[in-house]
Structures are given as structure tokens and as C-alpha cells.
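What follows is the residue order along each chain.
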Amino acid sequence: MKDDLALPVGTTLDRFIMRKQEDFPYATGELSQLLRDIALAAKIVNREINRAGLLGVTGAYGQQNIQGEEQQKLDIIANIRFIRALRNGGEVCTVISEEEEGIIHTGNTKGKYIVAMDPLDGSSNIDVNVAIGTIFSIYRRLSDIGEDGTSEDCLQNGKKQVAAGYVIYGSSTMLVYTTGCGVNGFTYEPSLGEFFLSHPDIKTPKTGKIYSCNEGNLNSFPDGVKSYLNYCKENNYNARYIGSLVADFHRNLLKGGIYLYPPTVKAPNGKLRLVYECNALAMIVEQAGGKATDGSERILDKDPTDLHQRCPLIIGSPDMVDKVEEFLAAELTLV
Ligand SMILES: O=P(O)(O)OC[C@H]1O[C@](O)(COP(=O)(O)O)[C@@H](O)[C@@H]1O
Ligand SMILES: [Mg+2]
Ligand SMILES: [Mg+2]
């Protein structure tokens, strides 16, 4: 067949976004444009990450962020690249970032959207060539068009997300996102500079045999979590922990598994941030048939009170999350 000489390259992200937009007769194209702006920033950051070692942009930047964490140069670069792309795109009035203490007004007062983001996730893995990521949540503003966004706009509960996603910079670079109608994954083809649909309609298995958590903190985990980890070991589950939330989450999403960052003595509210890490992944996992909880409350039901607030995260295959909650509930009855 002649066609075999030129096999189709697949559906580009752009084309996919356009087709999805047709599903919404009242769509104005602004959210579509915003998703494209995020994809553009992801391509640029991907390039920066790939050549970081050559350009000497590895290592610490020499200042701390609001969380008291040493900022890496690539944290700063990714933060600048995403904020610039969102500002130039014109659809976003306000940004919340892990790397910025306060909310960032882009000057696009006509912009209808708010973006909360973790520009670079897995900072401890940046310089050692291990998969890292970017996490983003998109909300519609509540405040009036024509003004800067407000803190009320930025502290919306996770159920209000109109879209959420992540980019994983790993053996290949992928963009995975949802607009509330299922989860789709796109793989980046650098030679064409395009993301192509590679993982349509992702569904996470109901259960799995992989558990991911930093057992270095085991001694200070709640008893219910300790019991669950014993249960995993008794049932010969595989321990897999990359130390980049996006990468651990992505593997478990595709293969079935559970990621846990419980409260510890060092981090009594857990380590991960509700507004720009947990909410986005919770929307994705639920859209893929999974679950996300802080141990007792559904992540998406939590009302944020602070931009950088932390919360425990237990996320993944639904049966596995239920099992952890069972062990935690049993712990409470023993008290
Ligand atoms: O080193 P720990 O305590 O296991 O924490 C690792 C976790 O912290 C994070 O690195 C926090 O995210 P950032 O790198 O964006 O700050 C997660 O990606 C990861 O899952
Ligand atoms: Mg992070
Ligand atoms: Mg980060």
C-alpha cells in the first residue's frame, strides 16, 4: 500500500485541543489557548533541562523559597519560563507558584483564568538525571474582569479546577492533562517540536502491587500507615520511590499503585502543597478512576486557607487508597 510509505504521525496536541473544543459549543478558545501556552513553556523548559549540564545551570541558586527550601537554578528557570508564557499568552490574570511567596499578577486584567503551579517538581533529582516534572491547576476567576485576581480567586477548592495536568521530563517528555472529561497523555517529539497523543483516555487500574513512600520517615508515620506498609510487604508488593512526585504518580497511574506522603514528625501536615501539587493530581487520578485523600478527607473537598499550605497525600488506585483509609480508621478506633 502506498500509504505504508508515509505512516501517519498521529494527533497533535493542538488538533486534539481543537477537536475537544468543538464538544463545547460555547467555548471561546481561551482555555484552549492557555493549554497551548503551557505546552509551549513545557517545550522550552524541556530544552533547558536537557542541556542544563552543558550550560552550567545545575545546582543551587543560592536563595530559599517561602517553604525554606534551597531553590535550584532550574526551579528559577522553570518558574520564569512558565510565568512568561502565561503572561504573554494573555489568558491568565494571576499565577500562584511554589517559587513565589505571594500571588503574581500578570497584568492581563482581561484574563479569565488563574494558574497554580509547581514549576519544577522533584527538585532533589534535578542534578542527577532522574525524572522530574511540572504540575499545574487551572481555575476560572471569581473576581470581575478588568481587575487583578484576588486571593479569593487563588484559594478555590480543588473541585473548582477547570483543568489540571503535569509534564514529566523523563526518558521521554510527556504532557498529561484533564479538563474534566477524562485524562489524555501526549508524548513530545523534539524533532518536530510537537506533542502527539500517545496515551488516550488513561484509566488507572483498580488495584496494583506498587507502593511509593519515603520509608526513611517510617518511625514517625501514623500507626495506620505503618500497618498498611506491613500489609504491602506481607503481600509481596514492590516498593518503588523515585522521590519526584510527578514521576512516582505517573508510574502508578499507568501500572496501578499507591503514593503516600503521610504526616511525619518533621512535617506534621505532610510535605506536599495542596494548591499546586495535590489538587491537580487529585483531579487527574479521579478522572482516571482513582482516589486521592489526606487520610480521612477527599483532597478535592479541602478548602485551602493558605497558598503554600501542606497536606498529607495518599493517592492512586481506588482499592489501595480505600485499604489505607481502613487501616487509618482502625487506628482511630484503638485510641
Ligand atoms: O525527599 P522526600 O521527603 O521524600 O520528598 C520528596 C517529595 O518532595 C518533592 O520533591 C516536593 O516537590 P518539589 O521538588 O517541587 O519541592 C516531591 O516531588 C517528592 O515526592
Ligand atoms: Mg513539587
Ligand atoms: Mg517544585
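The sections below set out a description of the structure shown in this document. What you see is a predicted model; the values in this text were computed from it and never measured. (Residues numbered from 1 in each chain as written. Chains lettered and ligands numbered in written order. Predicted model: local features only at pLDDT ≥ 70, side-chain atom pairs only at ≥ 80, totals over all residues. Heavy atoms only, no water.)

1. Comments concerning the packing of helix α1 (residues 13-22) against helix α2 (residues 30-50)
Remark: α1 packs on α2, axes separated minimally by 10 Å, with the N-to-C direction vectors making an angle of 160 degrees. Taken together, the axes of α1 and α2 lie roughly antiparallel to each other. Once α1 is placed against α2, the crossing between them reads as right-handed. Facing Leu13, Asp14, Ile17, Met18 and Gln21 of α1, the residues of α2 in contact are Ser32, Leu35, Arg36 and Ala39. Considering only residue class, the contact of α1 with α2 consists of 5 nonpolar, 2 polar and 2 charged. (Axes fitted to C-alpha atoms, helices over the stretch in contact; angles between N-to-C directions. Helix = DSSP H or I, 4+ residues; strand = E, 2+ residues; numbered from the N terminus. Parallel < 35°, antiparallel > 145°, perpendicular 65-115°, else oblique. Left-handed = near helix turned anticlockwise from the far one by under 90°. Contact = heavy atoms within 4.5 Å. Nonpolar A, V, L, I, M, F, W, Y, C, P; charged D, E, K, R; others polar.)

2. Examining the coordination of the magnesium ion (ligand 3)
Protein coordination at the magnesium ion (ligand 3) comes from Glu98 (OE), Asp118 (OD) and Leu120 (O), with a distance range of 2.0 to 2.2 Å. All donor residues of the magnesium ion (ligand 3) come from one chain, and their arrangement in sequence is E-x19-D-x1-L. Between the magnesium ion (ligand 3) and the magnesium ion (ligand 2), both coordinated by aspartate 118, there is a metal-metal distance of 3.7 Å. (Donors = N, O, S within 2.8 Å, 3.2 Å for Na, K, Ca; no water.)

3. Observations regarding empty space enclosed by the protein
Across all of its chains, the model carries 2 cavities of 30 Å³ or more by this definition. Surrounding the largest cavity, Phe16, Lys20, Tyr177, Thr178, Thr179, Cys181, Gly182 and Asn184 form its lining. If you list the elements that add at least two residues to the lining of the largest cavity, you get α1 and β8 (173-178). For the lining of the largest cavity, the per-class residue count stands at 3 nonpolar, 4 polar and 1 charged. Reported here for the second largest cavity is a volume of approximately 30 Å³. (1 Å grid on protein atoms, 1.4 Å probe; cavity = no way out; pocket = protein on both sides within 12 Å on 5 of 7 lines; lining within 4 Å. Points joined across faces, edges and corners; volume = space filled by probe spheres on them.)

4. Quick look at the pairing of strand β13 (residues 258-261)
Side-chain alternation along β13 places Ile258 and Leu260 on one buried face and Tyr259 and Tyr261 on a second face that is also buried. Direction of pairing for β13 relative to strand β15 (residues 313-316): antiparallel, over a ladder of 4 bridges. The residue of β15 that forms the bridge with leucine 260 is isoleucine 314. (Buried < 20%, exposed > 50% of the residue type's maximum accessible area, 1.4 Å probe, protein only. Pairing = 2+ DSSP bridges.)

5. Regarding the site of ligand 1
In the region of ligand 1, 17 residues are neighbours, and Asp121, Ser123, Tyr241, Leu245 and Tyr261 sit closest. A distance of 2.8 Å is found between an oxygen atom of ligand 1 and a backbone nitrogen or oxygen belonging to serine 123. For ligand 1, an oxygen atom lies 3.0 Å from a polar atom in the side chain of lysine 271. Within the complex, the protein chains bury 89% of what would otherwise be the 470 Å² of accessible surface of ligand 1. Every element with two or more residues in the shell around ligand 1 is listed here: β5 (113-121) and β13. Considering every element that reaches the shell around ligand 1, the biggest residue donor is β5, with 3 residues. Along the lines of polarity and charge, the residues of the shell around ligand 1 split into 5 nonpolar, 5 polar and 7 charged. No fewer than three residues from each of domain 1 (7-199) and domain 2 (210-334) sit in the shell around ligand 1. (Near = heavy atom within 4 Å. Polar contact = N/O pair within 3.5 Å; in protein donor to acceptor, adjacent residues only side chain to side chain. Areas by Shrake-Rupley, 256 points an atom, 1.4 Å probe, with all protein chains shown as cover. Domains from an automatic or database assignment.)

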